[in-house]
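What the coordinates show
Now for the letters of each chain:
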Amino acid sequence: MLLAVVLPAAAGEAAPAVTDAALEKRVMALSEELRCLVCQNQTIADSHAPLAVDLKNQVREKLASGMSERDIIDYMVARYGDFVLYRPPVKITTLMLWFGPPLLLLSGLWLFVRTVLRRRAGKSRPLSAAEQARVRTLLDSAGGDRP
Amino acid sequence: MTTENAPAVEGRSKWRFLLPLAAFLALAVLLGVGLGLNPREVPSPLVGKPAPQFELPQLHRADAKFSPDEMRGKVWMLNVWASWCVACREEHPVLVQLAKSGVMPIIGLNYKDKREDGIAWLARFGDPYQLSAHDEKGQVGIDYGVYGVPETYVIDKAGVIRYKRIGVVTPQIVSQKILPLVSELNREK
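Residue numbers here run from 1 along each chain, matching the order of that chain's written sequence. Throughout, the order in which chains and ligands are written sets their labels, letters from A for the former and numbers from 1 for the latter. Local features in this predicted model are restricted to residues of pLDDT 70 or higher, and side-chain atom pairs are both shown and tallied only at a pLDDT of 80 or more, whereas totals for entire chains, interfaces and linings draw on every residue. Remark: hydrogens and water are excluded; side-chain values derive from all non-hydrogen atoms of the structure.

Turning next to the packing of helix H3 (residues 50–64) of chain A against helix H4 (residues 69–80) of chain A. Residues and elements named next belong to chain A. Axes here refer to lines fitted to C-alpha atoms; in helices the fit is confined to the stretch in contact. Angles between the N-to-C directions go from 0 to 180 degrees. Secondary structure elements follow DSSP: runs of H or I no shorter than four residues count as helices, runs of E no shorter than two count as strands, and numbering proceeds from the N terminus. Put simply, H3 and H4 touch, their axes get as near as 10 Å, and they point 140 degrees apart. Handedness of the crossing formed by H3 with H4: right-handed. Residues Leu 51, Leu 55, Gln 58, Val 59, Lys 62 and Leu 63 of H3 lie in contact with H4, whose contacting residues are Glu 69, Ile 72, Tyr 75, Met 76 and Tyr 80. The nonpolar class holds Ala, Val, Leu, Ile, Met, Phe, Trp, Tyr, Cys and Pro. Asp, Glu, Lys and Arg form the charged class, and all remaining residues, Gly among them, are polar. Considered class by class, the residues forming the contact of H3 with H4 number 8 nonpolar, 1 polar and 2 charged. Put simply, a crossing is left-handed when the front helix is turned counterclockwise from the back one by less than a right angle, and right-handed when it is turned clockwise. Note on contacts: a residue pair qualifies if any of its non-hydrogen atoms lie within 4.5 Å across the two residues.

Contacts between the two partners involve 22 residues from chain A, matched on the other side by 22 residues from chain B. Counting each side, the surface lost to burial between chain A and chain B is near 1800 Å², with a carbon and sulfur contribution of 47%. Salt bridges are defined by distance alone: a side-chain nitrogen of Lys or Arg within 4 Å of a carboxyl oxygen of Asp or Glu. Here chain A and chain B share 2 salt bridges between them. Notably, a salt bridge pairs A:Arg79 with B:Asp143, separated by 2.9 Å at the nearest N-O pair. For the side of chain A that touches chain B, the secondary-structure elements that each account for two or more residues are H3, H4, helix H5 (95–123) and helix H6 (129–142) of chain A. Per-class residue counts for the side of chain A that touches chain B are 10 nonpolar, 5 polar and 7 charged. Buried area counts how much accessible surface, traced with a 1.4 Å probe, disappears from two parts once they are put together, with both parts' losses summed.

Okay, the packing of aromatic side chains next. Residues and elements named next belong to chain B. In summary, the pairing rule links any two rings of Phe, Tyr or Trp, Trp by its six-membered ring, whose centres are within 6.5 Å, and it sorts them by plane angle into stacked for under 30 degrees, edge-to-face for over 60 and tilted for everything else. Taken as a whole and assessed by the stated rule, the structure comprises 7 aromatic pairs over all chains. Taking the centre distance of 6.2 Å and the plane angle of 75 degrees together, the rings of Phe 66 and Trp 76 count as edge-to-face. Within this pair, whereas Phe 66 is found in strand E2 (residues 65–66), its partner Trp 76 is found in strand E3 (residues 76–81), the two being separated by 10 residues in sequence. The buried label applies to any residue whose accessible area, calculated with a 1.4 Å probe on protein chains only, is under 20% of its type's maximum; exposed applies above 50%, and partly exposed to all values in between. With relative accessibility at 0%, the residue Phe 66 sits in the buried group. Looking at Trp 76, the relative accessible area reads 1%, which means it is buried. By way of ring pairs, the aromatic residues Phe 54, Phe 66, Trp 76, Tyr 144 and Tyr 153 are connected into one cluster.

How sure the predictor is of each residue is captured by pLDDT, a score from 0 to 100. Here chain B averages 89 in pLDDT, while 94% of its residues score no lower than 70. Under the prediction, the complex receives an ipTM of 0.74, its pTM being 0.73.

Quick look at the structure:
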């Protein structure tokens, strides 16, 4: 009985499975927020690059030692910059990145609606006096029949 | 026929047809600039910050240690290299040359390498380093924001990182960026 208590500590065995599973969940969750700088379109959770494995181990060690998620993210950003965040932070420099596409979509929709509406309105809009005179001139010069 | 110099439709400027073209050109310029940028060159937030502290065994003498503190008062270069790094071979002659010129001491950081591999590589390709620190686990590399060797730092007398080069150090980089910077830093107290 005594041996069963002493041996795991002496051999440096992994902690009981329950703690590991909870820690692993946190490691994966945090890893999915960090970009692998080698395979830049993957998170360190997905990537198999050696650097990704190293960074994941770092994350695990730091979480196990009691660092908060926020602190670990700050640690990574301090060394690798904003690019290490898989989701770009919303800053002045990234406003175009975040709001550009929705803006383009909205302005496209607005232009589309305006054009369609104008066409509808245009069909039944009566000609002004100046425009009627032009119509007459054009028809005359074209040699067509008078209305 | 009369030449048309009045608007064809009331209330609309005839220049409006240029709007889509202008928008397209603006977008083309924006995308063109973006495509010209290199996504691998991630700007380092460490420039202007103190070089992270560490203590590592030296590559050639495992019992001796190295720490950046030892370089206080000097302008020096930290070059991250590895025997498995092909690009490092490309820049190595440039570093050997730089070391011969005696402009600044170069300290190597042997990143994620086996000791014997690192030693053999230097024996084969030349050793421009005053010494190399052996970062077997890569922990110090992470502290320095290393993600793709070779990477090179210029550190000033106060131990602050003043320049980081991600990728191969070419002769142009040396003459255009590094040497002028080193002269300037040497003039600092």
